[in-house]
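Chain and residue survey
One-letter residues, chain by chain:
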Amino acid sequence: MNDTENAMGDTIEVPVERKVFAEKISVRQTEFYQAAANGFKPQKAFKIWVSEYNDETQLMFEGITYSIIRTYSKDDKELELICEGAVNNGAS
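Residues numbered from 1 in each chain as written. Predicted model: local features only at pLDDT ≥ 70, side-chain atom pairs only at ≥ 80, totals over all residues. Heavy atoms only, no water.

**Looking at the nonpolar core**
Under the convention used in this document: The nonpolar core is taken to be a set of buried Ala, Val, Leu, Ile, Met, Phe, Trp, Tyr and Cys residues, with the residues joined through side-chain atoms within 4.5 Å. Each residue gets one of three labels from its accessible area relative to the maximum for its type: buried under 20%, exposed over 50%, partly exposed in between, using a 1.4 Å probe on protein chains only. Helix and strand assignments come from DSSP, with helices taken as H or I runs of at least 4 residues and strands as E runs of at least 2, each series counted from the N terminus. Residue contacts are defined here by distance: any two heavy atoms, one from each residue, within 4.5 Å place the two residues in contact.
Ranked by size, the top nonpolar core spans nine residues in total: Phe46, Ile48, Tyr53, Leu59, Tyr66, Ile68, Leu79, Leu81 and Cys83. Within the residue set of this core, elements represented by two or more residues are β4 (42-49), β6 (64-73) and β7 (78-86). With three residues, β7 is the largest single contributor of residues to this core. Setting aside chain neighbours within four positions, we find leucine 81 in contact with Lys44, Ala45, Phe46, Ile48, Tyr53, Leu59, Ile68, Arg70 and Thr71.

As structure tokens, then:
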């Protein structure tokens, strides 16, 4: 996020978009049920390189913004991002 000012002079955060290569993977059944028990609804999962993740809280895939609800690293190279539902982008 970058800070900028709106027309009223208020400081607002503007998301910074960047592209990374990711492999879409299936949400595992155990992941789905564990997340559901905590009130989350995992819908998508992606595998990326650890070095490309900068603690983002959202990602965009095929024009839809998702919230990253959990990250999982099996080793020091790859990271799995577990994502849920579309984030409201102000669209009606």
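**Remarks on the sheet that holds strand β5 (residues 58-61)**
Here is the rule: A pair of strands counts as paired when DSSP detects no fewer than two bridges linking them. Interaxial angle, 0 to 180 degrees, is taken between N-to-C directions of lines fitted to C-alpha atoms, where a helix line uses only the stretch in contact.
The five strands lie next to each other as β3-β4-β7-β6-β5, forming an open sheet whose pairing is antiparallel. Across the chains shown, the open sheet's two edge strands, defined by having one partner strand only, are β3 (23-25) and β5. Sheet twist, expressed as the mean angle between neighbouring strand axes with direction ignored, is 40°. Pairing geometry for β5 and β6, over four bridges, is antiparallel. Its bridge partner lying in β6, leucine 59 is registered against tyrosine 66.

**Quick notes on the confidence of the model for the protein chain**
To be explicit about the condition: pLDDT measures the predictor's confidence residue by residue and takes values from 0 up to 100.
Averaged over all residues, the pLDDT of the protein chain equals 84, while 87% of them reach at least 70. Of all the helices and strands in the protein chain, helix α1 (residues 29-37) carries the lowest mean pLDDT, 68, while β3 carries the highest, 94.

**As for the pairing of strand β2 (residues 11-14)**
Side-chain direction in a regular strand flips from residue to residue, so the side chains alternate between the two faces of the sheet. Of the pairings in the sheet, the one linking strand β1 (residues 2-5) to β2 comprises four bridges and is antiparallel in character. When the bridges of β2 are listed, glutamate 5 appears paired with threonine 11. Linking two consecutive strands that pair antiparallel, namely β1 and β2, is a turn of five residues; a positive phi of about 90° is found at glycine 9 within it.

**Things to note about a negative patch on the surface**
As a reminder of what qualifies: The patch calculation keeps residues exceeding 30% relative accessible area without a salt bridge and links them within 9 Å when they carry like charges or within 5 Å when they are nonpolar (Val, Leu, Ile, Met, Phe, Trp, Tyr). Under the convention used here, a 1.4 Å probe and the Shrake-Rupley method define accessible areas, while residue burial counts only the protein chains that appear. By convention in these notes, a salt bridge is any Lys or Arg side-chain nitrogen within 4 Å of a carboxyl oxygen on Asp or Glu. Here the positive residues are Lys and Arg and the negative ones are Asp and Glu; neither His nor the chain ends is included. To locate a charge, take atom NZ for lysine, CZ for arginine, CG for aspartate or CD for glutamate.
On the surface, Glu23, Asp75, Asp76 and Glu78 cluster together to form a negatively charged patch. Among the structural elements, glutamate 78 can be located in strand β7. For glutamate 78, a relative accessible area of 31% puts it in the partly exposed group.

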